Each structure stands twice: as C-alpha cells, then as structure tokens.
Amino acid sequence: MRVPLLAVLALLTPALFAQTPASSNDWATPAEQSGYRTTPDYASTMAYLHRIAAARPQQVRIEPFGKTGEGRELDIVIASKDGVFDPDKLHAAKRPILLVQNAIHAGEMDGKDSCLALLRDMVISGKDAALLDRAVFVFIPIYNADGHERRSPYNRINQNGPDEMGWRGNGSNLNLNRDYMKADAPETRAFMTMFHRWLPDFFVDDHVTDGADFQYDVTFTIEHFPTLHAETGQWLALSVIPDLEQQVNASGHLASPTYISLVDENDPSKGLGFDAFVPRFSTSYINLENRPAMLVEMHMLKDYKTRVTGNYELLRALLKVLNRDADKLIALNAAADREAEQLGAHPLSDVAYPLKLAWSGETTPFLFRGYKYTRELSAVSGAMWVQYSHEPWNVTLPMQTGAKVAASAVPPDAYIIPAQWTHAIDVLAAHQVVIHRTTAAWTAPVETYRCHDGNWQQPPFEGHHPMFRGEGGGGHPGEPPQCTLVTETMTFPANSAVIELNQRLSHVAMAWLEPMAPDSAMAWNAFDPIFEQKEYGEPYVLEKLAREMMAKDPKLKTEFEERVENDRKFAASPRARLEFFYDRSPWADPKLGLYPVGRLTKLDGLPLHQ
Ligand SMILES: [Zn+2]
C-alpha cells in the first residue's frame with residue numbers, strides 16, 4: 001500500500017495540521033489518498049474525523065452515543081453551519097436534520113467514505129458549504145464497529161473492492177439490519193436513544209448491493225408504508241425521488257430510483273420483484289417513527305471510486321432537496337407525529353390498520369438498464385447459469401408494484417402486558433415507548449387473541465426460531481400463527497405494563513404487540529411458552545375419560561367417529577385420538593394459545609399511577 005508521507009503525518013498529528021490552511025491534498029480522505037483502493041479502519045476513520053472537528057470546532061462536533069458489544073465507542077458526527085449542536089434548538093429554529101447511517105453492514109463501506117468527503121467539502125474546502133445553509137448533517141460513520149474491525153479481503157465475494165473490508169454481522173454475528181424491531185443488540189438499543197434525542201427529519205441507510213449485474217451504479221429506494229402520513233408519500237413520490245434521480249444522473253452517474261431485486265435471479269427477463277416492508281429493516285422501522293427514510297444500495301461490481309463518488313452525489317442531492325423543502329418536510333413530520341398520537345382515539349379507529357403488505361399481482365412497466373446475458377445449463381449446479389456481458393440491455397420489464405394488505409388489526413385505545421412477560425415489555429422500553437404500570441391486580445373482560453397453527457423456522461434466523469418465513473439457509477420456514485379476536489376475562493397482576501396509543505410511538509407499539517404483525521413479539525418468540533402444553537393425561541386415564549364422555553354425549557361420540565373415518569392422520573395417532581377427549585374436558589388448559597396481552601377500548605377502572 002502506497003500512501004503519501006504527508007497524508008500519514010496528517011493522520012498522526014491532527015493538531016499541527018489543524019492550523020494549516022486547507023489545500024485539497026492536505027485534506028484528502030484516507031480512501032482518496034489510496035486512490036480508492038482501501039477504506040480506513042476504525043482508528044484511521046475517527047482520526048480523520050477528529051482532525052476535521054479540531055480544525056472546525058464551530059461547525060463540527062463528534063458525539064458518542066453508546067458502545068458496541070465488544071466495547072467500541074459509537075459516534076455521530078454533526079455538521080451545523082453556526083455551531084448550534086443542540087437538537088432542541090435546531091428543531092425550534094426549524095432546521096431539518098438529516099441522519100445518515102453507514103456501515104451497518106461493515107463490508108459495504110461506500111457511504112462512510114463518501115460522508116468523510118462530503119463533510120470535508122462542507123466545512124474545509126467550502127465547495128459544498130451551501131448544503132448546510134439550513135439543513136444539519138448528522139452521520140454515523142461506523143455503526144457496526146465490531147464487524148468493521150473484522151477486516152479481510154474475503155468478506156464480500158460478490159463485491160469489487162476495496163482491498164479489505166469489514167464483516168456483515170456484529171460482534172455476536174447478528175445482522176443489525178434485522179434487529180430494529182426486536183432490539184437484541186446493544187448497538188440497536190444505543191441507536192434508539194440517539195435517534196430519539198435527535199429525532200431527525202430524514203434518515204438514510206447506506207449499503208452495497210448483492211444480486212444481479214446491471215448498468216446503474218447508484219440505486220435507492222424511498223419506500224413508505226401506508227401508515228406514514230399520506231402527504232409525505234406524495235412529496236416523496238412527486239418531488240424527492242425524481243429530483244434525486246435527475247441530479248445524480250446529471251453528475252455523470254446512473255441512478256435507479258428503485259432497488260433492483262429480480263423475481264428470478266436465474267432469469268432477469270421475468271422482471272423486478274416486490275419487496276416486503278418489515279420493520280426489522282432500518283428504513284421500514286423509521287417509517288414507524290413517522291419519518292421518511294431512504295435505502296441506498298451502490299452496485300457491488302462498480303469500482304470503489306465510482307461507488308463512493310456516486311453515494312456522495314446522492315447524499316449531496318438529498319441535502320439540496322432538504323434545504324429547498326425544509327418548511328414542508330418539517331410540517332409533514334409534525335403532522336405524522338400528530339396522527340400517531342391519535343391512533344387509539346382516531347375517528348377512523350374502527351378501520352383496519354395494515355400490519356403486513358403483500359404483492360397484489362399488479363405490475364408497472366419499468367425501463368430497466370441491464371446488461372445482456374446468456375443462460376446455459378450448468379454441470380456444476382445442475383441449474384441455469386447466468387453470465388452477464390457488459391453490453392447494455394435496455395428493456396421494459398414488469399415491476400411488481402401493487403400492494404395488498406395481508407394482515408391488519410383495528411387499533412385499540414391501549415394494550416396491557418402482564419408484568420411477568422418481561423422480555424416483551426423490555427423491548428418496548430428499549431424503543432422508549434411510554435409505558436405506565438398498574439398499581440394493583442386488575443381483572444376484567446378484555447379483547448385478546450386465541451392463536452393456533454403457527455410453527456417455527458428451522459434453522460435459526462438472527463438467533464431466534466421465528467414464527468415467520470425468514471431468509472437464507474433453506475430449511476423449514478416458519479409460518480405466522482392464526483389468531484382470532486376474542487373477549488376473555490383476564491387477570492393482570494400489579495406492575496403490568498399499559499401502553500396507550502396516544503403517543504408518538506403508537507405505530508411501534510402496534511408492530512410489536514399485534515401478534516400477526518411480521519416482526520411482532522409473537523413472531524420473534526417472546527410468547528412461545530403459551531403454545532406449550534404443560535399437563536397431559538396418561539393413556540390409561542384418558543381411555544376411561546373417553547368412554548365416560550361418549551356415554552354422556554352421543555353427539556361427541558359421532559363427531560369422534562366421523563373424525564376417525566375422515567382424517568387418516570388423526571386416525572393413525574393414538575395420542576391425537578385420546579387428546580380429542582382431553583381437549584374437550586375440564587382438564588384442558590384454557591390458556592393454551594391464549595395471547596396474554598389485552599387490548600383495551602377504555603382505561604376506566606384501571607389501577608394506574610396518576
Ligand atoms: Zn447491506
């Protein structure tokens with residue numbers, strides 16, 4: 001590795017160089033110094049950033065917001081034109097705050113190196129100083145810092161550089177971009193506190209693709225879930241997305257305003273697939289926080305310089321839009337917060353609230369700028385082998401765009417979680433959802449669910465065996481439970497958690513507490529024990545019980561005999577045949593499959609601290 005001596009000295013002696021006037025060479029980022037062959041490690045990245053902060057203390061501040069599992073400090077870098085670094089004062093002054101997250105997947109470093117250059121061009125060279133006229137630029141240089149230091153040339157087989165990069169998982173090998181809802185990792189918990197302290201107006205998560213080869217070097221998606229304020233969606237679709245595409249293309253890069261995910265990786269001509277919106281992902285989760293979010297995916301096979309500079313141009317374009325539309329964005333976010341605060345008592349609260357979307361079958365033509373390819377049967381895999389050329393293939397393909405609601409629920413006024421289900425409560429506390437505690441035991445008829453038929457994914461996914469269709473690894477996919485709304489008289493001990501849907505984080509509470517939601521506490525195993533039968537009848541006891549029950553109830557006898565005749569699996573299982581009677585006897589557990597969380601339509605009579 002050849003690095004100019006001046007650059008090495010600059011990293012080692014920030015104080016000395018902080019006093020020198022800025023020439024472009026002095027302030028080359030570590031990636032630029034290497035001719036974009038390398039990305040700096042944690043220490044070199046932070047040294048460069050501290051050098052900028054030392055040179056421009058009136059415009060740049062570095063703030064720690066937590067620690068990784070291995071104990072590394074997590075930082076944000078704040079660039080504010082006039083030295084105001086207090087988020088409350090910035091909100092009061094109606095200055096839009098952009099939060100850019102880098103290195104959640106620490107093999108995908110384009111965003112980090114582009115943010116270093118962008119910060120330098122805002123506050124050192126002054127080339128992009130106008131981007132801070134009104135907006136405030138906050139970025140996480142290295143989110144998955146433990147993964148970032150697991151450096152190797154062999155961490156990203158699909159990717160064209162840099163020479164070495166970090167690892168996808170964190171120190172416990174969790175994918176932080178599956179952790180936003182379940183919040184298992186210390187990084188996620190630190191993120192939540194930092195996010196709420198800053199409450200940014202727009203969020204960006206920087207990545208590098210896997211998947212197909214195509215012409216675009218910059219791909220981005222600004223999805224929005226239908227529960228996000230409707231006018232925010234219109235602003236994104238009409239003003240933001242086309243503008244970003246146009247600005248990036250004008251800079252000499254080629255942008256796709258949608259993430260390219262093929263329906264069939266072995267046959268690009270089948271078109272582009274539907275992406276599930278699930279809040280385990282950062283950008284989907286941020287919509288539950290009532291804020292717009294952009295997923296950036298730079299193309300893995302473009303060279304590192306093209307990718308870093310493309311990412312830079314996209315962030316630059318977004319900052320221009322945020323400066324231009326500052327008042328509008330701030331008003332939209334305030335409206336989205338007000339809507340969330342009224343979710344429980346909304347006049348439309350008897351309207352089903354969408355928890356999960358699926359493709360409706362509708363497609364939209366999309367002009368795809370791909371590469372020509374050939375397909376042949378492979379003797380290695382036994383399947384079709386796609387080989388891409390670099391000859392342009394511009395073709396209109398169907399893109400799966402229509403969404404339908406696959407699961408929904410009517411918002412209650414509040415939820416009540418019995419005190420003993422500590423993990424489900426703890427996760428909401430980590431999300432800083434407002435929780436009130438009951439002061440005495442309380443028994444009342446409440447709405448809840450009876451659930452059955454769910455099963456669990458095998459092999460593990462993110463340290464769980466979730467009750468949903470996961471990804472990667474094959475094996476046995478889980479399925480969500482089938483839950484039916486019921487009214488049951490239930491007892492909630494003192495210190496049970498009451499979560500009202502009159503708060504800014506109402507959407508987060510629903511996503512966690514509605515069992516059919518794709519990243520719910522139920523899906524992520526917080527309530528697994530409700531499906532465990534704890535007492536059983538011995539066969540010789542049940543034989544006697546069965547005869548007594550049939551003698552007393554001829555209809556039951558007929559039902560049993562018909563089941564034996566028509567259900568071969570049932571007929572072949574001595575255990576199932578005997579349990580047919582146990583399940584219908586007073587000994588059956590009435591709480592088996594009963595969701596323990598209550599849905600409340602009013603809080604009258606609840607023993608709460610006032
Ligand atoms: Zn990624």
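Structure: above.
Residues numbered from 1 in each chain as written. Predicted model: local features only at pLDDT ≥ 70, side-chain atom pairs only at ≥ 80, totals over all residues. Heavy atoms only, no water.

J.: For this particular structure, what's the right way to read the overall build of the protein?
T.: Each helix and strand in the protein was counted, giving 18 helices and 18 strands. A compact globule built from 610 residues should have a C-alpha radius of gyration of about 25 Å, and the protein, at 28 Å, falls within 12% of that. In terms of principal-axis extent, the alpha carbons of the protein reach across some 95 × 70 × 45 Å. Within the span of the protein, comprising 610 residues, buried residues form 54% of the whole. For the protein, contacts bridging at least 24 residues in sequence account for 77% of all contacts bridging at least 6. (Helix = DSSP H or I, 4+ residues; strand = E, 2+ residues; numbered from the N terminus. Rg over C-alpha atoms; globule rule 2.2 N^0.38 Å. Buried < 20%, exposed > 50% of the residue type's maximum accessible area, 1.4 Å probe, protein only. Contact = heavy atoms within 4.5 Å.)

J.: Would you take a moment to explain the coordination of the zinc ion for this structure?
T.: Geometrically, a metal with four donors at the corners of a regular tetrahedron has ideal angles of 109.5 degrees, and one with six donors at the corners of a regular octahedron has ideal angles of 90 or 180 degrees. Protein ligation of the zinc ion involves His105 (ND1), Glu108 (OE), Glu108 (OE) and His207 (ND1), the donor distances falling in the range 2.0 to 2.8 Å. One way to put it: the four donor atoms around the zinc ion meet at angles of 51 to 151°, and that makes the site irregular. Positions of the donor residues of the zinc ion along the chain correspond to the pattern H-x2-E-x98-H. Remark: His207 occurs in strand S5 (residues 202-208) and Glu108 occurs in the loop between strand S3 (97-101) and helix H6 (110-123); sequence separation between them is 99 residues. With a relative accessible area of 2%, His207 lands in the buried category. (Donors = N, O, S within 2.8 Å, 3.2 Å for Na, K, Ca; no water. Tetrahedral: all angles 85-135°; square planar, octahedral: opposite > 155°, others 65-115°.)

J.: Is there a simple way to think about the state of the cysteines in this case?
T.: Each disulfide consists of a covalent bond between the sulfur atoms of two cysteine residues. If you walk through the whole model with that rule in mind, you get one disulfide. Two residues share a disulfide in this structure: Cys451 and Cys483, whose sulfurs sit 2.2 Å from each other. Across the S-S bond linking Cys451 and Cys483, the dihedral sits near 110°, which makes this disulfide right-handed. Of this pair, Cys451 sits in strand S15 (residues 442-452) while Cys483 sits in strand S16 (residues 482-492), and the two are 32 residues apart along the sequence. Cys483 shares its class with Cys451; the two are buried. (Disulfide = S-S within 2.5 Å.)

J.: How should I be thinking about the side chain of Ser114 in this particular structure?
T.: Considering the arrangement of structural elements, one finds Ser114 in helix H6. Contacts of Ser114, omitting those with residues within four sequence positions, involve Val308, Asn311, Tyr312 and Leu315.

J.: Help me out: how do you make sense of the side chain of His196 in this one?
T.: For His196, the position within the fold is in helix H8 (residues 186-198). In this structure the side chain of His196 is engaged in a polar contact, spanning 2.6 Å, whose partner is the side chain of Gln432. (Polar contact = N/O pair within 3.5 Å; in protein donor to acceptor, adjacent residues only side chain to side chain.)

J.: Sorry if this is basic, but what is going on with the packing of aromatic side chains here?
T.: Here the distance between the centres and the angle between the planes together describe a pair of aromatic rings. Taken as a whole and assessed by the stated rule, the structure comprises 27 aromatic pairs. Both rings, one in Trp421 and one in Phe527, keep their centres 5.1 Å apart while their planes meet at 55°; by these two values the pair is tilted. Placement of Trp421 in the loop between strand S13 (414-417) and helix H13 (422-430) and of Phe527 in the loop between helix H14 (506-513) and helix H15 (539-552) is noted, with a sequence separation of 106 residues between them. On the accessibility criterion, Trp421 (19% relative accessible area) is buried. Judged by relative accessible area, Phe527 falls into the buried class, the value being 0%. Through a chain of ring-to-ring contacts, the aromatic side chains of Tyr143, Tyr180, Phe191, Phe195, Phe203 and Tyr285 assemble into a single cluster. For Arg150, the ring lying beneath its charged end belongs to Trp167, and the centroid distance is 3.8 Å. (Phe/Tyr/Trp six-rings, centres within 6.5 Å; stacked < 30°, edge-to-face > 60°. Lys NZ or Arg CZ within 6 Å of the ring centre and 35° of its normal.)

J.: What am I meant to see in the pattern of salt bridges here?
T.: When the charged atoms of two side chains with opposite charge come close together, those side chains can pair. Within the structure shown, the criterion is met by 37 salt bridges. Measuring nitrogen to oxygen at the nearest pair gives 3.1 Å for the salt bridge that ties Asp82 to Arg95. Of this pair, Asp82 sits in the loop between strand S2 (73-79) and helix H5 (87-92) while Arg95 sits in the loop between H5 and S3, placing them 13 residues apart in sequence. In this structure Arg95 comes out as buried when scored by relative accessible area, which is 8%. In this structure, Lys182 engages Asp179 in a salt bridge whose closest nitrogen and oxygen atoms are separated by 2.9 Å. The exposure class of Lys182 is buried, given its relative accessible area of 1%. The network of salt bridges with shared partners includes Glu108, Arg156, Arg168 and Asp210. (Salt bridge = Lys/Arg side-chain N within 4 Å of Asp/Glu carboxyl O.)

J.: What am I meant to see in H8 here?
T.: Quick reminder: α-helices carry 3.6 residues per turn. Residues three or four places apart thus point the same way. The end-to-end C-alpha separation of H8 is 19 Å, in line with the 18 Å expected for 13 residues at 1.5 Å each. All buried positions along H8 are accounted for by Glu187, Thr188, Ala190, Phe191, Met192, Met194, Phe195, His196 and Trp198. (Expected span 1.5 Å × (residues − 1).)

J.: In this structure, what is going on with the packing of helix H16 (residues 554-566) against helix H18 (residues 574-583)? I would like to understand it.
T.: Two numbers describe a pair of packed helices, the interaxial angle and the distance between the axes. In the contact formed by H16 and H18, the axes pass within 12 Å of each other and the chain directions differ by 155°. Considering the angle they form, H16 stands roughly antiparallel to H18. For the pair H16 and H18, the sense of crossing is right-handed. Along its contact with H16, which presents Leu556, Glu559, Phe560, Arg563 and Val564, the element H18 presents Arg577, Phe580 and Phe581. By residue class, the composition of the contact of H16 with H18 is five nonpolar, no polar and three charged. (Axes fitted to C-alpha atoms, helices over the stretch in contact; angles between N-to-C directions. Parallel < 35°, antiparallel > 145°, perpendicular 65-115°, else oblique. Left-handed = near helix turned anticlockwise from the far one by under 90°. Nonpolar A, V, L, I, M, F, W, Y, C, P; charged D, E, K, R; others polar.)

J.: I tried to follow the packing of H15 against H16 on my own but got confused; where do I start?
T.: Orientation of H15 relative to H16, taken along the N-to-C sense of each, is 120°, at an axis distance of 5 Å. The pairing of H15 with H16 is recorded here as oblique in orientation. Judged by residue contacts, Met549, Met550 and Lys552 of H15 engage Pro554, Leu556, Lys557 and Phe560 from H16. Grouping the amino acids of the contact of H15 with H16 by side-chain chemistry returns five nonpolar, no polar and two charged.

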